[in-house]
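# Chain and residue survey
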Amino acid sequence: MLVALGLGMVATFMFLIITKRATPVVALILVPVAFGLFAGAGLDISDMITDGIKELAPTAAMLFFAIIFFGIMIDVGLFDPVVRLVVRMVRNDPARLVVGTAVLAMVVSLDGDGSTTFIITTAALLPLYLKLGVSPVVLTVAAGLANGTMNILPWGGPTARSASALKIDTNAVFLPMVPALVAGLVVVLLFSYHLGVLERRRIGRIEIRESMLMPREEVLVAAGGGAGTDVPPTTPRARRTGSAATGSGDDTSTRDLPVGAHDQNAADDDGGSSFTGILDPNRKTLRPRLFWVNAGLTVALLAVLGLDILAIPVLFMIASGLALAINFPHVKDQQEAITRHSSSIVSVVAMVLAAAVLTGVFSGTGMVDAIAHWLASGIPDWLGPHMAVVIGVLSIPLTFLMSNDAFYYGVLPVMSETATRYGIDPAEMARASITGQPFHMQSPLVPAILLLVALAGVGLADHHKKVLWRAAAVSIVMLVVGCLVGAIPF
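Worth saying up front: this structure is predicted, and the values here are computed from it rather than measured. For every chain, the first residue of its written sequence is number 1, and the numbers climb from 1 along that sequence. Predicted model: local features are reported for residues with pLDDT of at least 70 only, side-chain atom pairs are reported and counted for 80 or more only, and whole-chain, interface and lining totals are derived from all residues. Values shown for side chains rest on all heavy atoms present in the structure; no hydrogens or waters enter the calculation.

## Focus on the overall build of the protein
Short version of the rule: Helix and strand assignments come from DSSP, with helices taken as H or I runs of at least 4 residues and strands as E runs of at least 2, each series counted from the N terminus. Each residue is placed in one exposure class: buried if its accessible area under a 1.4 Å probe, protein chains only, is under 20% of its type's maximum, exposed if it is over 50%, and partly exposed if it falls in between. We call two residues in contact when some of their heavy atoms are within 4.5 Å. Using a 1.4 Å probe, accessible areas were evaluated by the Shrake-Rupley method; residue-level cover was limited to the displayed protein chains.
From N to C terminus, the protein includes 22 helices and three strands. Counting the 490 residues in the protein, one finds 56% classified as buried. In the protein, once contacts between residues fewer than 6 apart in sequence are set aside, the share between residues at least 24 apart is 80%. When the accessible surface of the protein is summed, it comes to about 19500 Å², and 64% of that surface belongs to carbon and sulfur atoms.

This is the structure:
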């Protein structure tokens, strides 16, 4: 009964999201509550949801202050040189832009934090995508695939979880999987190039001039995206991004993006809207004299983040406070700096807290444990010697439907115990279990992906339509290569 309810709850949630019958926030709240009550939770559902909120509250706090910190760095011009460098490398080819997006996301993903990766990648490249008419969905797909593949790094989370759950060394899990990681990254680059070629066919080669980097037009993109965004255009013209208009073989459309004449006064007041218009060299928020101070602060933040000596939410709180005090010493300017990014903050934090309802009900009602034991008991004997491959395949959908904690501490130990009967080492099971991470990172239960689509102004359903099959392909390639090199027994 709990297995059926758990699977039904996730299926209902995904149906509502993909068909756009409900926003992620509404679906994340109402669907689990309904299924939890049907499972007999009664008034205890309040405690379950509260427990879920407690678990995700640090993540919500981290995202809140991460958006503020990197938003300030964008306002003051820290990332402007990165954008200009990308412009020179892109030349006139959208394919170069998309491949560059994937490479940038891979490099930034070395810090092990998806939220940081998506904030930096979006801040640096989204204005260029919008200026050139390249679909923002392509950005989220390339960045999401790159970060998801890099997520198997030892400090990224799932590798450490699998090792601790099975009481083995982290290096014993990760090092044999390096060839699989390299293969996965190659596939991500190939997908990115293919998406770029499709965009090239749709819009043709582009001529980039310095004047194109000036915000003479302000693209109004609502953080959170989706078809339900009501933003009145300031002129009758509207530009549609994506390939629907041209009948390209791979539809990358998102929605109509109203485009209006640039309001210089608005730019002077705001320094650009949340994560767009950051290339205006005349915006009042620029702090060129503090460039190296801000660069040093950012490098120090990332260094401490990698050393893992402070809790991430605390680290971003301190860094945000320093960034505000250094760049905006006046109270009024500090308040305006926070307000500029309020739409992104509200959108992302709301979805994270709403996701706590789903995870709380999933765990509190016992659905996770029921699914784990159901899977272990339902595997036929002839598949026993191939349990490592089985857990690798199952990790693709299961890590999408549940949190990493639920999978690695709930499902993996049960499956690994069964596998030991067939002579399969726990380290081999752990290696196979992390191959589903490219797919997992696209889950609406992952706060970082909610942040990515919100900052890019892309609907979650539009992102999923383009990224899920590609992410599944990357995961399968990693699993196959892991088997070929002997890291995972077949």
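## Structural notes on the nonpolar core
Within soluble globular proteins, side chains that are nonpolar generally end up buried alongside one another. The following threshold applies: Residues belong to a common nonpolar core when they are buried Ala, Val, Leu, Ile, Met, Phe, Trp, Tyr or Cys residues joined through side-chain atoms within 4.5 Å.
Ranked by internal contacts, the top residues of the largest apolar core, which has 153 residues, are F69, M415 and M429. Beyond its immediate sequence surroundings of up to four residues, M415 is in contact with L375, A376, I379, M387, V390, I391, L394 and M429.

## Examining helix α7 (residues 136-150)
Cut-off, in case you're wondering: For a helix, the expected span equals 1.5 Å multiplied by the number of residues minus one.
An ideal rise of 1.5 Å per residue puts 21 Å on 15 residues; α7 measures up with 21 Å between its terminal C-alpha atoms. Counting buried residues along α7, 15 of its 15 residues qualify, which places the element largely inside the surrounding structure.

## Remarks on the environment of F38
In this structure, F38 sits in helix α2 (residues 24-38). Between the alpha carbons of F38 and L5 there is a distance of 8.5 Å; along the sequence they are 33 residues apart. What F38 contacts, discounting residues up to four positions off in sequence, is M1 and L5.

## Considerations on the packing of aromatic side chains
Formally: Two rings from Phe, Tyr or Trp (for Trp, the six-membered ring) form a pair when their centres sit within 6.5 Å of each other. Planes less than 30 degrees apart are called stacked, planes more than 60 degrees apart edge-to-face, and all others tilted.
Per the stated rule, a full pass over the model turns up seven aromatic pairs. Ring geometry for F191 and W469: centres 5.4 Å apart, planes at 85 degrees, overall edge-to-face. Placement of the pair is F191 in helix α10 (residues 178-203) and W469 in helix α22 (residues 460-484), with a sequence separation of 278 residues. Ring centres 5.2 Å apart and planes at 55 degrees place the aromatic pair F400 and F439 in the tilted group. In this pair, F400 is assigned in helix α17 (residues 387-401) and F439 in helix α20 (residues 437-440), connecting sequence segments 39 residues apart. For the residue pair F400 and F439, the accessibility class agrees, reading buried in each case. By the ring-pair criterion, three or more aromatic residues cluster together here, those being F69, F70 and F316.

## Quick word on the confidence of the model for the protein
This is how it is decided: For every residue, the pLDDT score states the predictor's confidence, bounded by 0 at the bottom and 100 at the top.
Averaged over every residue, the pLDDT of the protein is 78; residues scoring 70 or more account for 82%. Of the regions scoring below 50 in pLDDT, residues 209-278 engages in 164 contacts with residues more than four places distant in sequence or in other chains.

## Topic: the pattern of salt bridges
Heads up, the rule is: By salt bridge we mean one thing: a side-chain nitrogen of Lys or Arg within 4 Å of a carboxyl oxygen of Asp or Glu.
Under the definition given, this model contains two salt bridges. Linking R340 and D75 is a salt bridge whose minimum nitrogen-to-oxygen distance equals 3.0 Å. Of this pair, R340 sits in helix α14 (residues 331-340) while D75 sits in helix α3 (residues 45-75); the two residues are 265 residues apart in sequence, bridging distant segments of the chain. Grouping residues by exposure puts R340 and D75 together as buried. One salt bridge in this structure joins E199 and R202, with 2.7 Å as the shortest N-O distance. In this pair, E199 and R202 both sit in helix α10, three residues apart, roughly one turn of the helix. There is no split in this pair, since E199 and R202 are both buried.

## Some words on a nonpolar patch on the surface
Put simply, the test is: Like-charged residues are merged into a patch within 9 Å and nonpolar side chains (Val, Leu, Ile, Met, Phe, Trp, Tyr) within 5 Å, provided each residue has over 30% relative accessible area and no salt bridge.
On the surface, a cluster of nonpolar side chains totalling about 770 Å² of accessible area is made up of V293, L307, I309, L310, V314, M317, I318, L322 and I326. Going through the elements one at a time, α12 (291-307) and α13 (312-327) are the ones with two or more residues in the nonpolar patch. Looking at which element gives the most residues to the nonpolar patch, the answer is α13, with five residues. Inspection of the secondary structure assignment puts L322 in helix α13. Relative accessible area serves as the criterion here: at 42%, L322 is assigned to the partly exposed category.

## Comments concerning the side chain of Q437
With respect to the secondary-structure elements, Q437 resides in helix α20. Q437 has contacts with G148, N151, I152, P158, T399, N404, Y408 and S475, leaving out every residue within four places of it along the chain.

## Comments concerning the environment of P438
With respect to the helices, strands and loops of the structure, P438 is situated in helix α20. When the C-alpha atoms of P438 and A146 are compared, they prove to be 7.9 Å apart, with 292 residues separating the residues in sequence. Sequence-distant contacts of P438, that is, excluding residues within four places in its chain, are made with G148, T149, A471, V474, S475 and M478.

## Comments concerning the packing of helix α5 (residues 94-108) against α10
Note the following rule: Working convention: axes come from line fits to C-alpha atoms, limited for helices to the stretch in contact. Angles between N-to-C directions cover 0 to 180 degrees. Angle categories: roughly parallel below 35 degrees, roughly antiparallel above 145, roughly perpendicular from 65 to 115, and oblique for all the rest. Note: crossing handedness is left-handed where the near helix turns anticlockwise from the far helix by less than a right angle, and right-handed where it turns clockwise.
Two numbers describe how α5 lies on α10: the axes approach to 7 Å, and their chain directions differ by 150 degrees. As the angle between them shows, α5 and α10 are arranged roughly antiparallel. Our pair here, α5 against α10, has a crossing hand that is right-handed. Between α5 and α10, the contacting residues are P94, A95, V98, V99, A102, V103 and M106 on the first element and L185, V188, L189, S192, Y193, L195, G196, V197, E199, R200 and I203 on the second.

## Remarks on the environment of G457
By the element assignment, G457 lies in the loop between α21 (447-456) and α22. For the pair G457 and P136, spaced 321 residues apart in sequence, the C-alpha separation works out to 7.5 Å.

## Section: a negative patch on the surface
The line we're drawing: Neither His nor the chain termini are counted; the positive set is Lys and Arg, and the negative set is Asp and Glu. Charge placement uses NZ in Lys and CZ in Arg. For Asp and Glu, CG and CD serve respectively.
A cluster of acidic residues, D44, D47, D51 and E55, forms a negative patch at the surface. Its location among the elements puts E55 in helix α3. Its relative accessible area of 60% is what places E55 among the exposed residues.

## Notes on the packing of α2 against helix α15 (residues 342-364)
Applied cut-off: Following the grouping adopted for this structure description, the nonpolar residues are Ala, Val, Leu, Ile, Met, Phe, Trp, Tyr, Cys and Pro, the charged ones are Asp, Glu, Lys and Arg, and the polar ones are all others, Gly among them.
Where α2 meets α15, the axes come as close as 8 Å, and the angle between the chain directions of the two elements is 20 degrees. Comparing the axis directions of α2 and α15 gives the class roughly parallel. In this structure, α2 crosses over α15, and the sense of that crossing is left-handed. Across the interface between the two elements, P24, V25, L28, I29, P32, V33 and G36 of α2 pack against A350, M351, A354, A355, V357, L358 and V361 of α15. For the contact of α2 with α15, the per-class residue count stands at 13 nonpolar, one polar and no charged.

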